[in-house]
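# Understanding the architecture of this molecule
Here is what each chain is made of, one letter per residue.
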Amino acid sequence: MANLFYNCVHSMSDTSNSTLTQLTYSVRSGANIISQVSHIILVVLPRGILIAGYNTPGELLTTQFVAYKKSMPQWVFDFYEHLFLEEEILASTEKIKAVFIAAEKYLIVPDAIYEPDEARSWLEKLFFIESNDTVDKYTLTDDQAQSLYAYPVGIKNIVNRYFPQAKLLPLSGYQFLKPFKSDVFIQCCITSETVCATMYNNKSLQWHQVFSYETVEDIAYHLNQMMQQYRVVAEQEVELMVSVVHKDLNPILMDLSQYFPNLKYRNGSNNYNDAHEWTPTIALLQHLFSCVS
């Protein structure tokens with residue numbers, strides 16, 4: 001594994017043979033953006049990481065997505081540790097406000113029946129929870145529930161070692177903030193491998209799921225199945241807000257809009273063609289910042 005990661009890291013400068021995907025966005029060129037960054041948020045994903053830097057008022061200044069190929073294991077700890085050590089923007093560790101974890105093993109439990117000692121056993125009934133997984137919880141105050149999620153304890157240990165002051169939160173956390181503009185409100189976050197989606201109806205949490213996909217049709221199928229189950233008519237009743245973790249996933253938005261004409265990728269717009277290529281990701285990062293500001 002060490003040799004595999006060594007080859008991965010040392011091929012970053014050779015874009016023709018690189019085993020890494022590296023995408024960067026800055027609000028302007030020719031300026032020292034990093035020096036203007038006051039707050040930093042990280043999104044830790046299986047096989048990747050998203051770094052976002054904001055100024056003092058909370059405006060996004062720069063973002064960087066780095067990932068390795070699906071042929072490698074989901075969690076190569078050396079990959080994350082190397083980035084934490086070497087990325088210039090992360091040198092001022094006091095600026096890292098939060099680290100969001102894209103967890104695929106999850107469960108929402110109402111406060112009325114929640115028992116901390118049972119959290120792990122509940123998750124084990126739904127997922128294969130490995131011995132080196134940790135189980136954390138995120139309180140959904142307005143929903144009177146706890147969101148449980150499991151991920152490798154090695155990731156948690158690395159984050160706590162380098163950024164002990166940062167909050168550890170689930171990536172799905174922003175979807176419970178309830179920015180309602182319609183009775184039925186669905187939010188989706190699309191990563192390279194999974195979709196995290198949540199639906200509220202009349203300000204009541206109805207559905208939350210993390211599912212894998214191979215094609216846009218897979219995503220459309222899951223959403224349509226959910227809408228049929230809850231008797232929701234997409235064209236008439238639903239506000240569907242969809243974000244992606246990097247710009248190369250934007251074609252999914254365009255294809256998905258063929259199934260859901262009401263799809264939006266940012267507040268006040270459902271027309272992808274008028275946007276900067278990073279706009280759907282910027283919208284996600286602004287939602288995440290609202291979780292910690």
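Everything below is about the structure shown above.
The structure reproduced in this document is the subject of the present report.

The rules we used
- Residues numbered from 1 in each chain as written.
- Predicted model: local features only at pLDDT ≥ 70, side-chain atom pairs only at ≥ 80, totals over all residues.
- Heavy atoms only, no water.
- Pairing = 2+ DSSP bridges.
- Helix = DSSP H or I, 4+ residues; strand = E, 2+ residues; numbered from the N terminus.
- Contact = heavy atoms within 4.5 Å.
- Axes fitted to C-alpha atoms, helices over the stretch in contact; angles between N-to-C directions.
- 1 Å grid on protein atoms, 1.4 Å probe; cavity = no way out; pocket = protein on both sides within 12 Å on 5 of 7 lines; lining within 4 Å.
- Points joined across faces, edges and corners; volume = space filled by probe spheres on them.
- Nonpolar A, V, L, I, M, F, W, Y, C, P; charged D, E, K, R; others polar.
- Phe/Tyr/Trp six-rings, centres within 6.5 Å; stacked < 30°, edge-to-face > 60°.
- Buried < 20%, exposed > 50% of the residue type's maximum accessible area, 1.4 Å probe, protein only.
- Salt bridge = Lys/Arg side-chain N within 4 Å of Asp/Glu carboxyl O.
- Core = buried A, V, L, I, M, F, W, Y, C linked by side-chain atoms within 4.5 Å.
- Arc of directions from axis to C-beta.
- Polar contact = N/O pair within 3.5 Å; in protein donor to acceptor, adjacent residues only side chain to side chain.

### What about the sheet that holds strand β13 (residues 238-244)?
Spatially, β12-β11-β10-β13-β14 is the arrangement adopted by the five strands of the open sheet, whose pairing is mixed. With one partner strand each, in any of the chains shown, β12 (204-212) and β14 (263-264) form the two edges of the open sheet. Bridge count between strand β11 (residues 194-201) and β12: eight bridges; the pairing is antiparallel. Of the residues in β12, the one forming a bridge with Ala197 is Gln209. Running over the sheet, helix α6 (residues 216-229) touches β10 (184-190), β11, β12 and β13 and is turned about 155° from β12. In this fold helix α8 (residues 250-257) packs onto β10, β13 and β14, with an angle of close to 160° to the strand it touches most, β13.

### Points about the layout of surface pockets
Roughly 270 Å³ of internal volume is contained in the largest pocket. Ranked by residues supplied to the lining of the largest pocket, first place goes to strand β4 (residues 60-68) with three residues. Considered class by class, the residues forming the lining of the largest pocket number six nonpolar, seven polar and five charged. Approximately 230 Å³ is the volume attributed to the second largest pocket. Every residue lining the second largest pocket is counted, 14 residues in all, and those nearest its centre are Gln74, Trp75, Lys105, Asp133 and Pro152. For the lining of the second largest pocket, the element with the most residues is strand β8 (residues 145-152), which contributes three residues. The class makeup of the residues in the lining of the second largest pocket is eight nonpolar, two polar and four charged.

### What about the packing of aromatic side chains?
Scanning the model with the defined rule gives 11 aromatic pairs in all. Ring centres 4.8 Å apart and planes at 75° place the aromatic pair Tyr68 and Phe79 in the edge-to-face group. Of this pair, Tyr68 sits in strand β4 while Phe79 sits in helix α3 (residues 77-86), and the two are 11 residues apart along the sequence. Both residues of the pair, Tyr68 and Phe79, count as buried. Three or more aromatic residues joined by ring pairs make a cluster, and in this case those are Tyr68, Trp75, Phe79 and Tyr80.

### Considerations on the sheet that holds strand β7 (residues 133-140)
What the three strands build is an open sheet, ordered β6-β8-β7; its pairing is antiparallel. Two strands bound the open sheet, and with one partner strand each, they are β6 (105-110) and β7. Averaged over all neighbouring strand pairs, the angle between strand axes comes to 20°, with direction disregarded. Direction of pairing for β7 relative to β8: antiparallel, over a ladder of eight bridges. Across the sheet, Val135 pairs through a bridge with Ala150, a residue of β8. Where helix α5 (residues 153-162) meets the sheet, it contacts β7 and β8, and its direction lies at approximately 95° from that of β8.

### Regarding the pattern of salt bridges
Counting across every chain of the model gives six salt bridges. For Asp133, the salt bridge is made with Lys105, and the minimal N-O distance between the two is 2.9 Å. With Asp133 in strand β7 and Lys105 in strand β6, this residue pair connects regions lying 28 residues apart in the sequence. With a relative accessible area of 7%, Asp133 lands in the buried category. In this structure, Asp136 and Lys156 form a salt bridge, with 2.8 Å as the shortest nitrogen-oxygen distance.

### Here we look at the nonpolar core
Membership of the largest hydrophobic core comes to 93 residues, with the highest contact counts inside it found for Phe84 and Val99. Considering every element that reaches this core, the biggest residue donor is helix α9 (residues 279-292), with seven residues. Excluding residues within four positions of it along the chain, Phe84 makes contact with Leu42, Ile49, Leu90, Ile158, Val159, Tyr162 and Phe163. In terms of nonpolar packing, the next biggest core, distinct from the first, is built from nine residues, Leu107, Tyr114, Trp122 and Ala150 among them.

### Concerning α3
Structurally, the α-helix is built with 3.6 residues per turn, so residues lying three or four positions apart point the same way. Buried within α3 are the following residues: Phe79, Tyr80, Leu83 and Phe84. Down the axis of α3, the smallest arc covering the buried residues is 130°, so these residues share one side. Facing away from the buried side of α3 by more than 90 degrees, the exposed set consists of Leu85 and Glu86.

### Some remarks on the side chain of Asp133
Within the local environment of Asp133, its side chain forms a polar contact with the side chain of Lys105, the two groups lying 2.9 Å apart. If sequence neighbours within four positions are ignored, Asp133 has contacts with Lys105, Arg120, Phe128, Tyr151, Pro152 and Val153.

### What about empty space enclosed by the protein?
Scanning all chains against the criterion turns up three cavities of 30 Å³ or more. What lines the largest cavity is a set of 18 residues, among which Ala102, Ala103, Leu171, Cys196 and Val210 lie closest to the centre. For the lining of the largest cavity, the element with the highest residue contribution is β11, accounting for three residues. Broken down by class, the residue content of the lining of the largest cavity amounts to 12 nonpolar, five polar and one charged.

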